[in-house]
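The residues making up each chain are set out below.
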There are 2 protein chains.
Amino acid sequence: MKQPRQQNDSAASSFTGLSAFPLTPLRDDAVDERAFAGLVERLTAAGVDSITALGSTGSYAYLTPAERARVARIAVEHAGATPVFVGVGDLRTSRVLAHVDSVQEAGAAGVLLAPMTYQPLTDDDVYELFRIVTEHTGLPVIVYDNPDTTHFTFTLELYARIAELPGVVSIKIPGVPAAPDAAREHVTAIRGAIPEHVTIGVSGDALAATGLNAGCDAWYSVIGGTLPAPALSITRAAQAGWTQEAVAESRRLAPLWDLFAELGGSLRVIAAIAEYLGLVPPSCLPLPIRGLNRSQRVRVSDVVVELGLA
Amino acid sequence: MKQPRQQNDSAASSFTGLSAFPLTPLRDDAVDERAFAGLVERLTAAGVDSITALGSTGSYAYLTPAERARVARIAVEHAGATPVFVGVGDLRTSRVLAHVDSVQEAGAAGVLLAPMTYQPLTDDDVYELFRIVTEHTGLPVIVYDNPDTTHFTFTLELYARIAELPGVVSIKIPGVPAAPDAAREHVTAIRGAIPEHVTIGVSGDALAATGLNAGCDAWYSVIGGTLPAPALSITRAAQAGWTQEAVAESRRLAPLWDLFAELGGSLRVIAAIAEYLGLVPPSCLPLPIRGLNRSQRVRVSDVVVELGLA
C-alpha cells in the first residue's frame, strides 16, 4: 500500500490553522450520507483550513470498516480543495492498517491516529503501533492524544520518540493550562521535544484561543465542524497576533463552553446543536449514546439563540 | 431472535462456582482455533462449573464479528456438558445485538455484557443498553462490571435497576475490599440491592478467596481459564465453608498475584504462562498489545515452576 512520501517545507502548512471535525450523523443506525456530505460542503464553503473526518466527534470508534471507508470517500469527494484528514484509530493494529488503506484509496491528505485502548497499553505498545503505521503508509500521520476517550497518557518523552518517525507531521494535544503563561510554558516544552516540522494542534475548544496564543500551530476543533464561523474568528485573530481579540471571541462563547462542561462533554452538545440547526437528523449519535434529554436541549437552543449561532 | 425464557430456581445454579475465562489465542493475527479448542477441552476435563469465552481475557474487544461468532461456536462444541457463556460487549448497541444473535445460534447458555466506552456513558445510557439487550434475547445476561477496561463505574443504584430486568442472572463485580469484614459488608450491600435470584460473582483473582468467603456465589476467573486446578481448589474450599483453606491456597499463589500487580495486569501474565506451558502459540495477544518482554517472561516462568503450576 505504501506510496512515495513527499516531504517538504510547504507540506507542513496543511497541518496548521483550523481543522474542523464534523459529526458523522446516523439515521436509524446507518450513516446519513447526504447529511454528512452537507456538513463537509458547509465547512469548505466557510473556508476552514482542513477537515478531519472520523475524529472522536465523527464517532469513528463506533463505525464499521465499511462505514468508515464510505465516510472517508464522501468527505474527500465533497471537500473540494480543502485537505481532508481521516481518523484511523482502532483497538487492533491490523484493523488500523485496513482503515489506513481505505483512507489512502479515498484520496485523503493525512490520517489521525489515536491509541484506542481496552486493555491498558504501555508506551512501547503505542510507539510500535505508530511505527507500524508510518512504515505501512506514505500518508502524513497526526498523533491523536485524547486521554478522556483513549485513557492513554502520552509523556513528553513518548511524543519525542513518535515525532521522530518519518511521516509524523502533527500532534493533537488534549489541551493547555488555562493561565496564558502556563499554556505558553506547556507548548514550549512540547515544541522543544519534537522536530521543528511537526506542528502542535490544540484541542479542547474552551481553551483553544489560549492554546493558539501560546504558540499552537493548529486547532483541532469540535465546534469548527458544526459552527465554523466563530471557530474561524478565533483562529484568524490568533494567527494575526491579535491575542486579545481571540480571547474576547472565546469569552463571548463562554455559555457554550459551560454547556460542554456541564452536559458531559462536547459531543452530546454539538450533536444537539447540529440537530437543532437541522444540519443532521434527530438522535444522530450512535447508541448506546442517547444524547441530551429534552430539558438539556432547551438549554442548548437557548445558548444558540443567545450567541447568534443560528 | 428472541426465544422463550425459562426461569426457575435451578437456572441460577449455572451462575455460581468457578467460571473459567480462557484466552482466545492468535497466531499471525488470526484466531488459533485448534489451540482455543484445546483450552476449552482442558477446562471441561478439569471440572470447572462454567466457561466464559470472549471475556476480557478472551480479547473480545479486539476481534471481528466473524471471529467472535466462530469462537462462540468452537467453545460450545468443545465444552461438552459444561455451560458456556460468551462476551457480547461492543461500543455500539447494534453490534452488541448482532453478537448476541451469533452467541444464541452457537448454543451458548448465557451472555456476558460489559458497557464498553469510547465516549463516556451515562447511567441511563447503560441502563438502556441492558434493557435493549434483555428485550432482544431470551438468553441469561451476566452484567460485566470492569471499570479498568470500560472506564464506566456502576453505582449500587444502577446495579439494582439493571438487576430487575428480566433475564439478568448475575453481576460480575470488579473485586472486593482486602479486609474480610469490609469484603463481607461490600457483598452484603450489593446483595441487599438486587433480587435474590441474581448471583454475585467476584473477579480480580488475587482477592477471589476473600470474595467467595464474603458471600460471592461465583468467581469469574482469569487464572481459571489457564490454570483451573488451583482455581478449583480455592473455589471448592470456599464453597465447603473452609474459609481458611481457601485463603491459604490463595496466599500460596501470592507470587502470581504479585506478577499481576507488577507487570501491568493479569492478561499479559496469563498469556505468558499459557505460552510457557505450550497451550497457545507465542505472542498470542492481539497487537498493539505486545505482551511481556524476555526478562519479564523469565520471572513468570520462575513463578510457574516455584508454585508447581507446570
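All residue numbers refer to position in the chain's written sequence, counted from 1. Whichever chain is written first is A, and whichever ligand is written first is 1; the rest continue in order. This being a predicted model, a pLDDT of at least 70 is required before a residue's local features are given, and a value of 80 or more before pairs of side-chain atoms are given or counted; all residues contribute to the totals for chains, interfaces and linings. Values shown for side chains rest on all heavy atoms present in the structure; no hydrogens or waters enter the calculation.

Side note on the overall build of chain A
Then comes step 1: Of the regular secondary structure elements, chain A holds 13 helices and ten strands.
Then comes step 2: A compact globule built from 310 residues should have a C-alpha radius of gyration of about 19 Å, and chain A, at 18 Å, falls within 12% of that.
Then comes step 3: Burial classification: accessible surface area is computed with a 1.4 Å probe over protein chains only, and a residue below 20% of its type maximum counts as buried, one above 50% as exposed, and the rest as partly exposed. Across the 310 residues in chain A, those meeting the buried criterion constitute 58%.
Then comes step 4: By the convention used here, residues are in contact when the closest approach between their heavy atoms is within 4.5 Å. Of the contacts made within chain A by residues no fewer than 6 positions apart, 73% connect residues no fewer than 24 positions apart.
Then comes step 5: Exposure was quantified through the Shrake-Rupley algorithm and a 1.4 Å probe, taking into account, for residues, occlusion by the shown protein chains and nothing else. With the model as given, the accessible surface of chain A reaches about 11600 Å², and the carbon-plus-sulfur share is 51%.
Then comes step 6: Computing the positive centroid from 23 side-chain charges and the negative centroid from 33, chain A places the two 5 Å apart. The secondary structure listing takes helices from DSSP runs of H or I that are at least 4 residues long and strands from runs of E that are at least 2 residues long, numbered from the N terminus. For the radius of gyration, the atoms used are the C-alpha atoms, and the globule rule reads 2.2 Å times the number of residues raised to 0.38. His residues and chain termini do not enter the charge count, which takes Lys and Arg as positive and Asp and Glu as negative. For this purpose, a charge sits on NZ of Lys, CZ of Arg, CG of Asp or CD of Glu.

Structural notes on unusual backbone geometry
Then comes step 1: Residue Leu287 of chain A is joined to Pro288 of chain A through a cis peptide bond whose omega torsion reads 20°.
Then comes step 2: Inspection of the secondary structure puts Pro288 of chain A in the loop between helix H12 (266-276) and helix H13 (294-306).
Then comes step 3: For His151 of chain A, which is not glycine, the phi dihedral falls at a positive 60°.
Then comes step 4: Within the secondary structure, His151 of chain A is located in the loop between helix H5 (147-150) and helix H6 (156-163).
Then comes step 5: Phi at Ser59 of chain B takes a positive value of approximately 55°, unusual for a residue other than glycine.
Then comes step 6: Relative to the helices and strands, Ser59 of chain B is located in the loop between strand E4 (50-53) and helix H2 (65-78).

Some points on the relation of the copies chain A and chain B
Then comes step 1: For the least-squares superposition of copies, only C-alpha atoms count, and only for residues with pLDDT at least 70 in both. For the pair chain A and chain B, the superposition axis carries a translation of 0.0 Å, the fit reaches an RMSD of 0.0 Å, and the rotation angle comes to 180°. Here the transformation between the copies is reduced to the relation of a two-fold axis. Residues of chain A ranked by C-alpha distance from the rotation axis are headed by His151 of chain A, positioned 4.1 Å from it.
Then comes step 2: Residue by residue, 100% of the interface of chain A is reproduced at the interface of chain B, so both copies engage with the same surface.

Things to note about the pattern of salt bridges
Any two side chains of opposite charge can pair, so long as their charged atoms come close to each other.
Residue and element names in this part refer to chain A.
Then comes step 1: Salt bridge, as applied in this entry: a Lys or Arg side-chain nitrogen positioned within 4 Å of an Asp or Glu carboxyl oxygen. Following the criterion strictly, the structure yields 31 salt bridges over all chains and no others.
Then comes step 2: A salt bridge links Arg191 to Asp217; the shortest N-O distance between them is 2.9 Å. Here Arg191 is found in helix H7 (residues 180-193), whereas its partner Asp217 is found in the loop between helix H8 (208-213) and strand E10 (218-221), with 26 residues between them in sequence.
Then comes step 3: Judged by relative accessible area, which is 25%, Asp217 ranks as partly exposed.

A short note on the UniProt feature "active site" (unreviewed entry) in chain A
Then comes step 1: UniProt positions are given in the numbering used here, feature names are shortened, and annotations may be inferred rather than shown by experiment. UniProt records the feature "active site" (unreviewed entry) for Tyr144 and Lys172 of chain A in the present numbering. In sequence the annotated residues extend across 29 residues, while in space they remain close, none of their C-alpha pairs exceeding 5.0 Å.
Then comes step 2: Mapped onto the elements, Tyr144 of chain A comes out in strand E7 (residues 141-144).
Then comes step 3: Tyr144 of chain A sits in the buried class, given a relative accessible area of 2%.
Then comes step 4: Sequence-distant contacts of Tyr144 of chain A, defined by excluding residues within four places in its chain, comprise Gly55, Ser56, Tyr60, Leu112, Leu113, Ala114, Pro115, Phe154 and Lys172 of chain A together with Tyr118 of chain B.
Then comes step 5: Of the polar contacts made by the side chain of Tyr144 of chain A, one reaches the side chain of Ser56 of chain A; its length is 2.6 Å.
Then comes step 6: Positionally, Lys172 of chain A belongs in strand E8 (residues 168-173).
Then comes step 7: The residues contacting Lys172 of chain A, other than those within four sequence positions of it, are Phe21, Leu112, Ile142, Val143, Tyr144, Asp145, Gly201, Ser203 and Tyr220 of chain A. A 3.5 Å cut-off defines polar contacts: any pair of N or O atoms within that distance qualifies, except that in protein one atom must be a possible hydrogen donor and the other a possible acceptor, and neighbouring residues in sequence count only when both atoms are side-chain atoms.

Focus on the interface of chain A and chain B
Note on interface size: it is often stated as the accessible area lost on association of the parts.
Then comes step 1: Taken together, the contact between chain A and chain B spans 37 residues of the former and 37 residues of the latter.
Then comes step 2: Contact between chain A and chain B buries roughly 3500 Å² in total, counting both sides, with carbon and sulfur atoms accounting for 51%.
Then comes step 3: The largest contributions to the chain A side of the interface with chain B come from Tyr62, Arg92 and Tyr118 of chain A, which together make up 25% of the buried area.
Then comes step 4: Counting across the chain A and chain B interface gives seven salt bridges.
Then comes step 5: A salt bridge links Arg290 of chain A to Asp125 of chain B; its shortest N-O distance comes to 4.0 Å. Reported buried area values correspond to the accessible surface (1.4 Å probe) lost by two parts on association, with both partners' losses combined.

Brief notes about helix H2 (residues 65-78) of chain A
Residue and element names in this part refer to chain A.
Then comes step 1: Expected span of a helix: the number of residues minus one, times 1.5 Å. With 14 residues, H2 ought to run about 20 Å at 1.5 Å a step, and its terminal C-alpha atoms sit 20 Å apart, in line with that.
Then comes step 2: Taken as a whole, H2 has its buried residues at Glu67, Arg68, Val71, Ala72, Ile74 and Ala75. The arc enclosing the buried residues of H2, seen along the axis, measures out at 165°, which places them on a common side. Residues Ala66 and Glu77 are exposed on H2 and point more than 90 degrees away from its buried face.
Then comes step 3: Contact partners of the buried residues in H2: strand E3 (30-31), helix H1 (33-46), strand E4 (50-53), strand E5 (84-87) and helix H3 (93-106). Here the arc refers to the set of directions running from the helix axis out to each C-beta atom.

Brief notes about helix H11 (residues 254-262) of chain B
All names here are of chain B.
Then comes step 1: Every buried residue of H11 is accounted for by Leu256, Trp257, Leu259 and Phe260. For H11, the arc enclosing every buried residue in end-on projection is 155°, short of the 170-degree limit, so these residues lie on one face.
Then comes step 2: Elements in contact with the buried residues of H11: helix H10 (243-252), helix H12 (266-276) and helix H13 (294-306).
Then comes step 3: Gly264 lies just past H11 and shows a positive phi near 80°.

Some points on the sheet that holds E10 of chain A
All names here are of chain A.
Then comes step 1: Read around the closed barrel, eight strands run E1-E4-E5-E6-E7-E8-E9-E10, paired in parallel fashion. Sheet twist, expressed as the mean angle between neighbouring strand axes with direction ignored, is 25°.
Then comes step 2: Pairing between strands is defined by DSSP: at least two bridges between them are needed. Direction of pairing for strand E1 (residues 17-20) relative to E4: parallel, over a ladder of two bridges. The residue of E4 that forms the bridge with Ala20 is Ile51. Axis definition: a line fit to C-alpha positions, over the contact stretch in the case of helices; interaxial angles, taken between N-to-C directions, run 0 to 180 degrees.

As for the nonpolar core
Then comes step 1: In this description, a nonpolar core means a group of buried Ala, Val, Leu, Ile, Met, Phe, Trp, Tyr and Cys residues linked to one another through side-chain atoms lying within 4.5 Å. Counting 224 residues, the largest nonpolar core has Ile162 and Leu256 of chain A together with Ile162 and Leu256 of chain B as the members making the most contacts within it.
Then comes step 2: Among all residues touching Leu256 of chain B, those that are not within four sequence positions of it are Ile223, Leu227, Val269, Ile273, Val303, Leu307 and Leu309 of chain B.

Let's talk about the environment of Leu253 of chain B
All names here are of chain B.
Then comes step 1: Note that Leu253 resides in the loop between H10 and H11.
Then comes step 2: Sequence spacing of Leu253 and Leu309 is 56 residues, and the spatial spacing of their C-alpha atoms is 9.9 Å.
Then comes step 3: Once residues lying within four places of it in the same chain are set aside, the contact partners of Leu253 are Ile223, Pro230, Ile234, Leu307 and Leu309.

Quick notes on the UniProt feature "binding site: pyruvate" (unreviewed entry) in chain A
Residues and elements named next belong to chain A.
Then comes step 1: The residues that UniProt annotates with the feature "binding site: pyruvate" (unreviewed entry) are Thr57.
Then comes step 2: Relative to the elements of secondary structure, Thr57 occurs in the loop between E4 and H2.
Then comes step 3: Overall, the relative accessible area of 6% leaves Thr57 in the buried class.
Then comes step 4: Residues within four places of Thr57 in sequence aside, it is in contact with Phe21, Pro22, Leu23, Thr24, Val222, Leu267 and Ile270.

Here's the deal with the side chain of Thr235 of chain B
Then comes step 1: Its place among the elements puts Thr235 of chain B in helix H9 (residues 228-239).
Then comes step 2: In contact with Thr235 of chain B, not counting residues within four places along its chain, are Gly17, Leu18, Leu212 and Trp219 of chain B.

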